[in-house]
Amino acid sequence: EAGVTQSPTHLIKTRGQQVTLRCSPISGHTSVYWYQQALGLGLQFLLWYDEGEERNRGNFPPRFSGRQFPNYSSELNVNALELEDSALYLCASSPRGAENSPLHFGNGTRLTVT
Amino acid sequence: LAKTTQPISMDSYEGQEVNITCSHNNIATNDYITWYQQFPSQGPRFIIQGYKTKVTNEVASLFIPADRKSSTLSLPRVSLSDTAVYYCLVGEKGRRALTFGSGTRLQVQP
């Protein structure tokens, strides 16, 4: 079974630019979660998508947005990049309706903003 | 919300048993307790999940007392490769746990 895949693995952007990160969940998983992890810190919850709808959102400004496609893959968009957006962005997936099933994470996209 | 508290860091030696305790005083009746392991520059990996008493799998055991206000992750005979950050999550009122705490940084030495 293929795991959660994220692309690109690394990205360098300039302050003020926009970036799109992509995530493909495990086959059969309908929920996708996005987390931000700054260097040396814990995971901060960003967004949760299920069946194409945004179900929950963390404490992040509106320039962080995303969407989920009919095939359950997802994109995370960050507009007007700031230096503090430099972080590892992690995507996770879980099966439909299984509230207590563990999250399955990809290995993330390392974003560097200069 | 079921907030969790874990030690910031722990040190151990190869071959020892390591126990990491997580406090979750406000755990709700239908909340599960889930532990993840994270290596640098990788996503967290599921280790074990439980609701009450004891759960054991091929990598760890999870002990949960009757009041469920805490839980202990037990790693038998750790090796250098167990050096990682360990996170305890508790479901938020029966819904999926979304909030990761600061985790426990385990350093295993030879």
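Below or above, wherever it landed, is the structure these notes cover. None of the values given here were measured: they were computed from a predicted structure.

**Some remarks on the overall build of chain A**
At step 1: Scanning chain A for helices and strands turns up 0 helices and 11 strands.
At step 2: Starting at the N terminus and walking to the C terminus, you meet the elements of chain A as β-β-β-β-β-β-β-β-β-β-β.
At step 3: The C-alpha atoms of chain A give a radius of gyration of 13 Å, which matches the 13 Å a tight globule of 114 residues would have.
At step 4: Each principal axis of the C-alpha atoms in chain A carries an extent, and together these give about 40 × 25 × 25 Å.
At step 5: For chain A, with 114 residues in total, the buried portion stands at 49%.
At step 6: Residue pairs in contact within chain A that sit at least 24 positions apart in sequence constitute 53% of those at least 6 positions apart.
At step 7: The average position of the 9 basic charges and that of the 10 acidic charges among the side chains of chain A differ by 7 Å.

**Some points on the side chain of serine 61 of chain B**
At step 1: The residue serine 61 of chain B is located in strand E6 (residues 61–64) in this model.
At step 2: Non-local contacts of serine 61 of chain B, meaning those with residues more than four positions away in its chain, are made with Ile48, Lys54, Val55, Thr56, Thr72, Leu73 and Ser74 of chain B.

**A few points about the state of the cysteines**
Residues and elements named next belong to chain A.
At step 1: Scanning the entire structure with this criterion turns up 2 disulfides over all chains.
At step 2: The disulfide partner of cysteine 23 is cysteine 91, and the gap between their sulfur atoms is 1.8 Å. In this structure, the disulfide formed by cysteine 23 and cysteine 91 twists by about -65 degrees around the S-S bond and is classed as left-handed. Taken together, the residues span a long stretch of sequence, with cysteine 23 in strand E3 (residues 19–24) and cysteine 91 in strand E9 (residues 87–95) at a distance of 68 residues.

**Comments concerning the sheet that holds E3 of chain A**
Residues and elements named next belong to chain A.
At step 1: Pairing within the open sheet is antiparallel, and its 4 strands lie in the order E1-E3-E8-E7. Looking along the sheet, the strands with just one partner apiece sit at the ends: strand E1 (5–7) and strand E7 (64–68). Across the sheet, the axes of successive neighbouring strands diverge by a mean angle of 20 degrees, strand direction being ignored.
At step 2: Taken together, the 5 bridges between E7 and strand E8 (residues 74–78) define a ladder with antiparallel strand orientation. Note that in E8 the partner of glycine 66 across the bridge is leucine 76.

**Observations concerning the pattern of salt bridges**
Residue and element names in this part refer to chain A.
At step 1: For the structure shown, the criterion picks out 5 salt bridges over all chains.
At step 2: Across the salt bridge formed by aspartate 50 and arginine 55, the nearest N and O atoms sit 3.8 Å from each other.
At step 3: For aspartate 50, a relative accessible area of 14% translates into the label buried.
At step 4: On the basis of relative accessible area, arginine 55 is assigned to the partly exposed category, the value being 44%.
At step 5: A network of salt bridges, in which partner residues are shared, links Arg22, Arg67 and Glu75.

**Here we look at the nonpolar core**
At step 1: The biggest cluster of nonpolar side chains holds 21 residues, and the ones touching the most others in it are Val19, Leu21, Trp34, Leu46, Leu76, Tyr89 and Leu111 of chain A.
At step 2: Broken down by secondary-structure element, the contributors of at least two residues to this core are E3, strand E4 (29–37), strand E5 (44–50), E8, E9 and strand E11 (109–113) of chain A.
At step 3: In contact with leucine 111 of chain A, not counting residues within four places along its chain, are Leu11, Lys13, Val19, Leu81, Asp85, Ser86, Ala87 and Tyr89 of chain A.
At step 4: With 20 residues, the next largest nonpolar core counts Val18, Ile47, Ala60 and Val90 of chain B among its residues.

**A short note on the sheet that holds E6 of chain B**
All names here are of chain B.
At step 1: Here 4 strands make up an open sheet; going across it, the order is E2-E7-E6-E5 and the pairing antiparallel. In this open sheet, the two strands that pair with only one neighbour each are strand E2 (18–23) and strand E5 (53–56). Adjacent strand axes in the sheet meet at a mean angle of 15 degrees, parallel and antiparallel pairs treated alike.
At step 2: Here E2 pairs with strand E7 (residues 70–75) via 6 bridges, running antiparallel. Note that in E7 the partner of asparagine 19 across the bridge is serine 74.

What counts, and at which threshold
- Per chain, residues are indexed from 1 in the order of the written sequence.
- To label them, take the chains in the order written and letter them from A, then take the ligands in the order written and number them from 1.
- Selection of residues for local features in this predicted model requires a pLDDT of at least 70, selection of side-chain atom pairs for listing and counting requires 80 or more, and totals for whole chains, interfaces and linings are taken over all residues.
- Note that the side-chain values use all heavy atoms of the structure and ignore hydrogens as well as water.
- Under the scheme used here, helices are H or I runs from DSSP no shorter than 4 residues and strands are E runs no shorter than 2 residues, and both carry numbers assigned from the N terminus.
- The size measure is the radius of gyration over C-alpha atoms, and the globule rule it meets is 2.2 Å times the number of residues to the 0.38 power.
- A 1.4 Å probe rolled over the protein chains alone gives each residue an accessible area, and that area as a share of the maximum for its type sets the label: buried under 20%, exposed over 50%, partly exposed in between.
- Contact definition: two residues touch when any of their heavy atoms are within 4.5 Å.
- Charged-residue counts in this description rest on Lys and Arg as positive and Asp and Glu as negative, His and the chain ends being excluded.
- A charge is said to be at NZ when it belongs to Lys, at CZ for Arg, at CG for Asp and at CD for Glu.
- Throughout, disulfides are identified as pairs of cysteine sulfur atoms within 2.5 Å of each other.
- At least two bridges found by DSSP between two strands is the condition for calling them paired.
- Axis definition: a line fitted to C-alpha atoms, over the contacting stretch in the case of helices. Angles run 0 to 180 degrees between N-to-C directions.
- Salt bridges, as used here, are contacts in which a Lys or Arg side-chain nitrogen is within 4 Å of a carboxyl oxygen on Asp or Glu.
- By nonpolar core is meant a set of buried Ala, Val, Leu, Ile, Met, Phe, Trp, Tyr and Cys residues that side-chain atoms within 4.5 Å join together.

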